[in-house]
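Residues per chain are reported as follows:
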Amino acid sequence: MRDFAPPGLYHGLSAAVAEQDALCRGMEESFVEGEGRASERELVEFLRRYREARKVGWLRRERRERWDEGRVGGWR
């Protein structure tokens, strides 16, 4: 039950934010360090996956900011 208490949920959210940021950094580095030139199809696929990952990261950061501001009902 401890994982579902407010401190546990907040800790999980903070860890998820850091994990998503690390994932996006890894995606950037692997694409930049890739061998040769990427085809247009590979570029489009990378951009689609990268945008989706950044969107998830943004949503997680936004949720953590709302929690920090006390805009999460009943948790503070």
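For the structure itself, consult the block above.
Sequence order as written defines the numbering, with residues in each chain counted from 1. Local features are withheld for residues below a pLDDT of 70 in this predicted model, meaning they are given only at 70 or higher, and side-chain atom pairs are given and counted only at 80 or more; totals for whole chains, interfaces and linings count all residues. Where side-chain values are given, they derive from all heavy atoms of the structure, hydrogens and water being excluded.

Hey, could you run me through the nonpolar core in this one?
Within soluble globular proteins, side chains that are nonpolar generally end up buried alongside one another. Judged by nonpolar contacts, Cys24, Met27, Phe46, Tyr50 and Ala53 together constitute the single largest core of 5 residues. To qualify as a helix, a DSSP run of H or I must reach at least 4 residues; to qualify as a strand, a run of E must reach at least 2; elements of each kind are numbered from the N terminus. Mapped onto this core, the elements with two or more residues apiece are helix 1 (6–32) and helix 2 (40–68). Residues are treated as being in contact if the distance between any of their heavy atoms lies within 4.5 Å. When near neighbours in sequence (up to four residues on either side) are disregarded, Cys24 contacts Tyr50, Ala53 and Arg54. We define the nonpolar core as a collection of buried residues of types Ala, Val, Leu, Ile, Met, Phe, Trp, Tyr and Cys that are connected through side-chain atoms lying within 4.5 Å of one another. For every residue, the accessible area obtained with a 1.4 Å probe (protein chains only) is divided by the maximum for its type, and the residue is called buried under 20%, exposed over 50%, and partly exposed between those limits.

Even after reading the chapter, I still don't get a nonpolar patch on the surface, so can you show me in this structure?
Each patch is built from residues that are more than 30% exposed by relative accessible area and take part in no salt bridge. Like charges join if they lie within 9 Å; nonpolar side chains (Val, Leu, Ile, Met, Phe, Trp, Tyr) join within 5 Å. Accessible surface is estimated by sampling points in the Shrake-Rupley manner with a 1.4 Å probe; for residues, cover comes only from the protein chains shown. A carboxyl oxygen of Asp or Glu within 4 Å of a side-chain nitrogen of Lys or Arg is what we treat as a salt bridge. Nonpolar side chains collect at one region of the surface, where Phe31, Leu43 and Leu47 lie side by side and expose about 210 Å² of accessible area between them. Considering the arrangement of structural elements, one finds Leu43 in helix 2.

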